[in-house]
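# Secondary and tertiary structure notes
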Amino acid sequence: QVQLVESGGGLVEAGGSLRLSCAAVGNIRSLSDMGWYRQAPGKQREFVAVISRDEISNYSDSVKGRFTIFRDMSKNTVYLQMNSTKPEDTGVYFCYAEGYGLLDWKSREFWGQGTQVTVSS
């Protein structure tokens, strides 16, 4: 099985920075896109950023210019560098990846458990 293990969440003051990490572990055959979603209290989960295997990235308008997504292919790890944070960035951040475990015959999505990010005003 493939598991995504997130770390790096916490409390930060508005304007500060935080870096989230997500490592894919287990029986991995290959991964393509890796990215992040977030869910604020009382709201639906929303897209934040994604990076392809070719390291092409895409961002939601709400974080463009402030957040940077990058990955280390050798470690099956994706990062989210959060700069110039705002209180509206508060929420649970979920990592996801698309790809194949060793026993998978078609591509599937894997999700992490989520890490809390709180931005104080």
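Structure shown above.
Reading the values: rules and limits
For every chain, the first residue of its written sequence is number 1, and the numbers climb from 1 along that sequence. In keeping with the predicted nature of the model, local features appear solely for residues at pLDDT of at least 70, side-chain atom pairs appear and are counted solely at 80 or more, and the whole-chain, interface and lining totals rest on all residues. Derived side-chain values reflect all non-hydrogen atoms in the structure, with water molecules and hydrogen atoms excluded from consideration. A pair of strands is labelled paired if DSSP reports no fewer than 2 bridges between them. Strands here are runs of E lasting at least two residues and helices are runs of H or I lasting at least four, both read from the DSSP assignment and numbered beginning at the N terminus. The angle between two axes is taken between their N-to-C directions and runs from 0 to 180 degrees, where each axis is a line fitted to C-alpha atoms and a helix contributes only its stretch in contact. For salt bridges, the criterion is a side-chain nitrogen of Lys or Arg within 4 Å of an Asp or Glu carboxyl oxygen. Categorising residues by exposure relies on relative accessible area from a 1.4 Å probe, with only protein chains included: less than 20% of the type maximum marks a residue as buried, more than 50% marks it as exposed, and the intermediate range marks it as partly exposed. Pairing of aromatic rings covers Phe, Tyr and the six-membered ring of Trp, with a centre-to-centre limit of 6.5 Å; geometry is then stacked below 30 degrees between planes, edge-to-face above 60, and tilted otherwise. Only buried residues count toward a nonpolar core, which is a set of Ala, Val, Leu, Ile, Met, Phe, Trp, Tyr and Cys residues joined through side-chain atoms within 4.5 Å. We call two residues contacting when some pair of their heavy atoms lies within 4.5 Å.

Adjacent strands of a sheet pair through backbone hydrogen bonds, lying either parallel or antiparallel. Ordered by their spatial adjacency, 4 strands build an open sheet running E1-E3-E8-E7, and the pairing between neighbours is antiparallel. With one partner strand each, in any of the chains shown, strand E1 (2-7) and strand E7 (67-72) form the two edges of the open sheet. Put simply, the sheet's adjacent strands are angled 15 degrees from each other on average, direction ignored. Sheet topology note: the E1/strand E3 (residues 18-26) ladder contains 6 bridges and is antiparallel. Residue pairing for E3: Val2 is matched across the bridge by Gly26.

Opposite charge on two side chains allows them to pair when their charged atoms are near. Using the criterion set out here, one finds 5 salt bridges in the structure. Glu46 is paired through a salt bridge with Arg38; the nearest N and O atoms lie 2.7 Å apart. Classification of Glu46 as partly exposed rests on a relative accessible area of 35%. Overall, the relative accessible area of 6% leaves Arg38 in the buried class. Between Arg66 and Asp89 there is a salt bridge; the shortest N-O distance is 2.8 Å. Of the two residues, Arg66 sits in the loop between strand E6 (57-59) and E7 while Asp89 sits in the loop between strand E8 (77-82) and strand E9 (91-101), which places them 23 residues apart along the sequence. Grouping residues by exposure puts Arg66 and Asp89 together as buried. A single salt-bridge network, built from bridges that share partners, covers Arg38, Glu46, Arg66 and Asp89.

Peptide bonds are trans in most cases, and residues, glycine excluded, mostly fall at negative phi. Even without being glycine, Glu55 reaches a positive phi, approximately 65 degrees. Within the secondary structure layout, Glu55 lies in the loop between strand E5 (46-51) and E6. Its identity as a non-glycine residue notwithstanding, Asn76 has a phi of 50 degrees, on the positive side. The residue Asn76 is located in the loop between E7 and E8 in this model. Overall, Asn76 belongs to the partly exposed group, its relative accessible area being 26%.

For the coordinates displayed, the defined rule picks out 5 aromatic pairs. Their ring planes at 75 degrees and their centres at 5.7 Å tell us that Tyr37 and Phe47 sit as a pair that is edge-to-face. Taken as a pair, Tyr37 in strand E4 (residues 28-39) and Phe47 in strand E5 lie far apart in primary sequence, 10 residues in all. Look at Tyr37 and you get partly exposed, because its relative accessible area is 23%. Taken together through their ring pairs, the aromatic side chains of Tyr37, Phe47, Tyr96 and Trp111 make up a single cluster.

A regular strand places its side chains so that they alternate between the two faces of the sheet. Looking at chain direction, E3 and E8 are connected through 6 bridges and run antiparallel. Within E8, the residue paired with Ala23 across the bridge is Thr77.

Here we take up the nonpolar core. Grouped together as the largest cluster of nonpolar side chains are 27 residues, with contacts concentrated most on Trp36, Val48, Ile69, Val78, Leu80, Met82 and Tyr93. Breaking this core down by element, the ones donating at least two residues are E1, E3, E4, E5, E7, E8, E9 and strand E11 (115-120). Every residue in contact with Ile69, bar those within four places of it in the chain, is listed here: Met34, Gly35, Trp36, Ala49, Val50, Ile51, Ser57, Tyr59, Val78, Tyr79 and Leu80.

On their own, these measurements won't tell you what the molecule is for.
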